[in-house]
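Results of the structural survey
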Amino acid sequence: MKIAKTDPSKKKTAKKKVAKKVVAKKTAKKKPVARKRNKAQWVRHHVKVNGKEFNSVPAAFKALRLPMGRMIRFRMELKKAGKLVFEGKKFSLVRN
């Protein structure tokens with residue numbers, strides 16, 4: 001009859017696994033911290049294009065059939081400048 005010897009390295013890894021689970025449970029119980037936002041991030045703007053008002057820049061691009069691939073970069077520039085021209089159309093921000 002053979003007596004099984006336990007490998008000491010397996011005991012250490014088992015302890016590490018248990019310790020990791022305990023740490024994971026402790027961090028999971030914490031409430032998520034609200035992310036602080038820049039004021040420009042939470043201010044909502046409507047967009048006026050050649051006198052017609054839209055709820056957002058993407059809505060204006062879709063209605064005017066402009067290329068959506070260039071919309072995000074244009075929106076960032078428009079937020080900085082306030083008024084811009086894109087493909088002959090005058091865009092301006094309107095606070096709601």
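Here goes a summary of the coordinates provided.

Calculation criteria
Residues numbered from 1 in each chain as written. Predicted model: local features only at pLDDT ≥ 70, side-chain atom pairs only at ≥ 80, totals over all residues. Heavy atoms only, no water. Helix = DSSP H or I, 4+ residues; strand = E, 2+ residues; numbered from the N terminus. Contact = heavy atoms within 4.5 Å. Pairing = 2+ DSSP bridges. Phe/Tyr/Trp six-rings, centres within 6.5 Å; stacked < 30°, edge-to-face > 60°. Buried < 20%, exposed > 50% of the residue type's maximum accessible area, 1.4 Å probe, protein only.

Turning next to the side chain of Ser92. Summarising the element assignment, Ser92 is placed in strand 4 (residues 89-95). Residues within four places of Ser92 in sequence aside, it is in contact with His46, Val47, Lys48, Gly82 and Lys83.

The subject of this paragraph is the pairing of strand 3 (residues 83-86). As paired strands, strand 3 and strand 4 are joined by four bridges and run antiparallel to one another. Each residue of the ladder has a partner; that of Leu84, found in strand 4, is Phe91.

All chains considered together, the criterion is met by five aromatic pairs. For the pair Phe61 and Phe74, a centre-to-centre distance of 5.7 Å together with 45 degrees between the ring planes defines the contact as tilted. Separated by 13 residues along the polypeptide, Phe61 in helix 3 (residues 57-63) and Phe74 in helix 4 (residues 71-81) bring together distant segments of the chain. For the residue pair Phe61 and Phe74, the accessibility class agrees, reading buried in each case. Between Phe74 and Phe86, the aromatic rings sit 5.0 Å apart at their centres with planes inclined by 50 degrees, giving tilted as the arrangement. Here Phe74 is found in helix 4, whereas its partner Phe86 is found in strand 3, with twelve residues between them in sequence. Residues Phe74 and Phe86 agree in their burial class; the two are buried. Aromatic rings pair up to connect Phe61, Phe74, Phe86 and Phe91 into one cluster.

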